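Understanding the architecture of this molecule
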Amino acid sequence: MKSRRDSPTFHDTVFMNEMNLKLKEAHDAYEKLLFKEALKTGFFELQTARDKYRELCGEEGMCIDLVMQYISWQAIILSVICPHVCEHVWELLGNKDSILNVSWPVPGPVDTTVIQQSEYLMDAVRDFRLKLKNHMAPGKAKKGGPAPPAAEPPTHCTAYVAKSYPAWQC
């Protein structure tokens, strides 16, 4: 895994906002004694956010400071449910005090616009890939006729971005 410490990218910002959101949601679930919901949010959804971040970072690599914060936050979130495992992870991170004595992390502000932008881009990429797959799929032969020739792969794509929208589209 390649890692970096340079200035934050868009993907770093999205991941940080998702971490803040999941930390807040897990805290709220614990306060309501909804342990199953806290586990779903603090482990599974946080894991999914990390997997998406890792995929999107690609060859440039993930921000090492952000990954270390993710590991420590997840250990703290899960320490309520599985303290022995989280204590071991906490020690592997180099911490001397017990994880049970650590206060709950304070989440930063959550910018939902950044998360929505990321979701929109993910949906657009998925839609583009599906259209490309359909375009490249060989056509069906007509009854008794020869199969149509294979489609040529596209060499480029043009994306249009609107700076503003009419009032009826907002």
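1. So, the environment of L56
Assignment of secondary structure puts L56 in helix α2 (residues 35-57). Overall, the relative accessible area of 30% leaves L56 in the partly exposed class. With 41 residues separating them in the primary sequence, L56 and D97 have C-alpha atoms 34 Å apart. Setting aside residues no more than four positions away along its own chain, L56 makes contact with H11 and M122.

2. Here's the deal with the side chain of N17
Among the secondary structure elements, N17 is positioned in helix α1 (residues 10-31). Using a relative accessible area of 7% as the deciding quantity, one classes N17 as buried. Not counting residues within four places of it along the chain, the set of residues in contact with N17 comprises P109, V110, D111, V114 and I115.

3. So, a nonpolar patch on the surface
On the surface, L33, F35, L39, F44, V80 and I81 cluster together into a nonpolar patch covering about 540 Å² of accessible area. Looking at where F35 falls in the secondary structure, it is placed in helix α2. The class for F35 is partly exposed, based on a relative accessible area of 41%.

4. Focus on unusual backbone geometry
Positioned with a positive phi, L33 is a non-glycine residue whose angle comes to about 60°. With respect to the secondary-structure elements, L33 resides in the loop between α1 and α2.

5. With respect to the nonpolar core
Core analysis: the biggest nonpolar cluster contains 18 residues, and F15, M19, Y53, L66 and I77 have the highest contact counts within it. At six residues, α1 tops the list of elements feeding residues into this core. Each residue touching M19, except ones within four places of it in the same chain, is listed here: L46, L66, Q69, Y70 and W73. In this structure, A75, L78, W90 and I99 belong to the second largest nonpolar core, which totals six residues.

Conventions adopted
Residues numbered from 1 in each chain as written. Predicted model: local features only at pLDDT ≥ 70, side-chain atom pairs only at ≥ 80, totals over all residues. Heavy atoms only, no water. Helix = DSSP H or I, 4+ residues; strand = E, 2+ residues; numbered from the N terminus. Buried < 20%, exposed > 50% of the residue type's maximum accessible area, 1.4 Å probe, protein only. Contact = heavy atoms within 4.5 Å. Patch = residues over 30% accessible without salt bridge, like charges linked within 9 Å, V, L, I, M, F, W, Y side chains within 5 Å. Areas by Shrake-Rupley, 256 points an atom, 1.4 Å probe, with all protein chains shown as cover. Salt bridge = Lys/Arg side-chain N within 4 Å of Asp/Glu carboxyl O. Core = buried A, V, L, I, M, F, W, Y, C linked by side-chain atoms within 4.5 Å.

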